[in-house]
Amino acid sequence: MGKTGIVSKVIDSRDDVLAYHFCRHDHMEKNKPKRLMCSIAFQIAQKIPAYKDALEKMELTQSKV
């Protein structure tokens, strides 16, 4: 079992992990910082409604600019 396998087991065994993102050396799209941030933000928004609301307000504000 490698690093990813160990971390996957830890994530599965804990209830207090809000978000995670795995990069891959052979998948350039997963390694992009914007993708990482969007993935983490989405996962947190799924678990914390106030965070989701704040993200949605940010999107509305930025779309008006």
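1. What about a nonpolar patch on the surface?
Piece 1. Together, Leu18, Ile48 and Tyr51 make up a nonpolar patch on the protein surface, roughly 220 Å² of accessible area in all.
Piece 2. Within the secondary structure, tyrosine 51 sits in helix α3 (residues 49-64).
Piece 3. Among the residues examined, tyrosine 51 registers a relative accessible area of 31% and is labelled partly exposed.

2. Points about the environment of lysine 47
Piece 1. Within the secondary structure layout, lysine 47 lies in helix α2 (residues 33-47).
Piece 2. Along the chain, lysine 47 and alanine 19 lie 28 residues apart, while their C-alpha atoms are 9.2 Å from each other.
Piece 3. When near neighbours in sequence (up to four residues on either side) are disregarded, lysine 47 contacts Val17 and Leu18.
Piece 4. Polar side-chain contacts of lysine 47 include one of 2.8 Å to the backbone oxygen of valine 17.

3. Thoughts on α2
Piece 1. If you check α2, its first and last C-alpha atoms are 22 Å apart, about what 15 residues at 1.5 Å a residue would give, namely 21 Å.
Piece 2. Among the residues of α2, Ala41, Gln43, Ile44 and Ala45 are the ones counted as buried.

4. Quick notes on the pattern of salt bridges
Piece 1. This structure, assessed with the given rule, holds three salt bridges.
Piece 2. A salt bridge links aspartate 16 to arginine 14; its shortest N-O distance comes to 2.5 Å.
Piece 3. Classification of arginine 14 by relative accessible area gives partly exposed; the value is 43%.
Piece 4. Across the pair glutamate 29 and lysine 32 runs a salt bridge whose closest N-O atoms are separated by 3.2 Å.
Piece 5. Judged by its relative accessible area of 37%, glutamate 29 falls in the partly exposed class.

5. As for the confidence of the model for the protein chain
Piece 1. Scored by pLDDT, the protein chain has a mean of 87; 89% of the residues are at 70 or more.
Piece 2. Of all helices and strands in the protein chain, the one with the weakest mean pLDDT is α3 (82), whereas α2 scores best (93).

Cut-offs and rules
Residues numbered from 1 in each chain as written. Predicted model: local features only at pLDDT ≥ 70, side-chain atom pairs only at ≥ 80, totals over all residues. Heavy atoms only, no water. Patch = residues over 30% accessible without salt bridge, like charges linked within 9 Å, V, L, I, M, F, W, Y side chains within 5 Å. Areas by Shrake-Rupley, 256 points an atom, 1.4 Å probe, with all protein chains shown as cover. Salt bridge = Lys/Arg side-chain N within 4 Å of Asp/Glu carboxyl O. Helix = DSSP H or I, 4+ residues; strand = E, 2+ residues; numbered from the N terminus. Buried < 20%, exposed > 50% of the residue type's maximum accessible area, 1.4 Å probe, protein only. Contact = heavy atoms within 4.5 Å. Polar contact = N/O pair within 3.5 Å; in protein donor to acceptor, adjacent residues only side chain to side chain. Expected span 1.5 Å × (residues − 1). pLDDT = per-residue confidence, 0-100.

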